[in-house]
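If you want the building blocks of each chain, they are given just below.
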Amino acid sequence: MLPAAARVRRSDDFATVLKRGARARRGNLVVHAASRSADVGSARVGFIVSKAVGPAVTRNLVKRRLRSVAAERLSDWPHNLDIVVRALPSAAGADYQRLEADMTGAVEAIMRRRT
């Protein structure tokens, strides 16, 4: 389970990450990441799964899988990082392992560019 403190929740925070963050696309996902000024707690993650992905049941399944991947990887990511994961329509047909590989690869690519 992804703790509440590790989630991007406010629309202002989503907008900030999308506008000024680095972006990487891997397979079924587009990942945006931006540093925040406060180094408090852990990295924060938010998800965008639009109706283009599918009906509510499919969107919720994709979100649950992405949250699970994020919860597992949270400790590996820098503490001052905000990450927004946008699922593409093809994510509806992707299994857990594919989504995990896509998210991990995209975040790693962004972190490599930051250093």
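Not measured: the values here are computed from a predicted model. (Residues numbered from 1 in each chain as written. Predicted model: local features only at pLDDT ≥ 70, side-chain atom pairs only at ≥ 80, totals over all residues. Heavy atoms only, no water.)

A. The overall build of the protein chain, seen in detail. Looking only at helices and strands, the protein chain features three helices and four strands. Relative to the globule expectation of 13 Å for 115 residues, the C-alpha radius of gyration of the protein chain, 13 Å, shows essentially globular dimensions. Seen through its C-alpha atoms, the protein chain measures out along the principal axes to roughly 35 × 25 × 25 Å. Counting every position in the protein chain, which comprises 115 residues, the buried fraction comes to 43%. Considering only residue pairs separated by 6 or more positions, the protein chain has 80% of its internal contacts joining residues 24 or more positions apart. Accessible surface, the protein chain: about 6,100 Å² in total, of which carbon and sulfur atoms supply 51%. Charge separation in the protein chain, taken as the distance between the mean sites of 22 positive and 10 negative side-chain charges, equals 7 Å. (Helix = DSSP H or I, 4+ residues; strand = E, 2+ residues; numbered from the N terminus. Rg over C-alpha atoms; globule rule 2.2 N^0.38 Å. Buried < 20%, exposed > 50% of the residue type's maximum accessible area, 1.4 Å probe, protein only. Contact = heavy atoms within 4.5 Å. Areas by Shrake-Rupley, 256 points an atom, 1.4 Å probe, with all protein chains shown as cover. Lys, Arg positive; Asp, Glu negative; His and termini not counted. Charge placed at Lys NZ, Arg CZ, Asp CG, Glu CD.)

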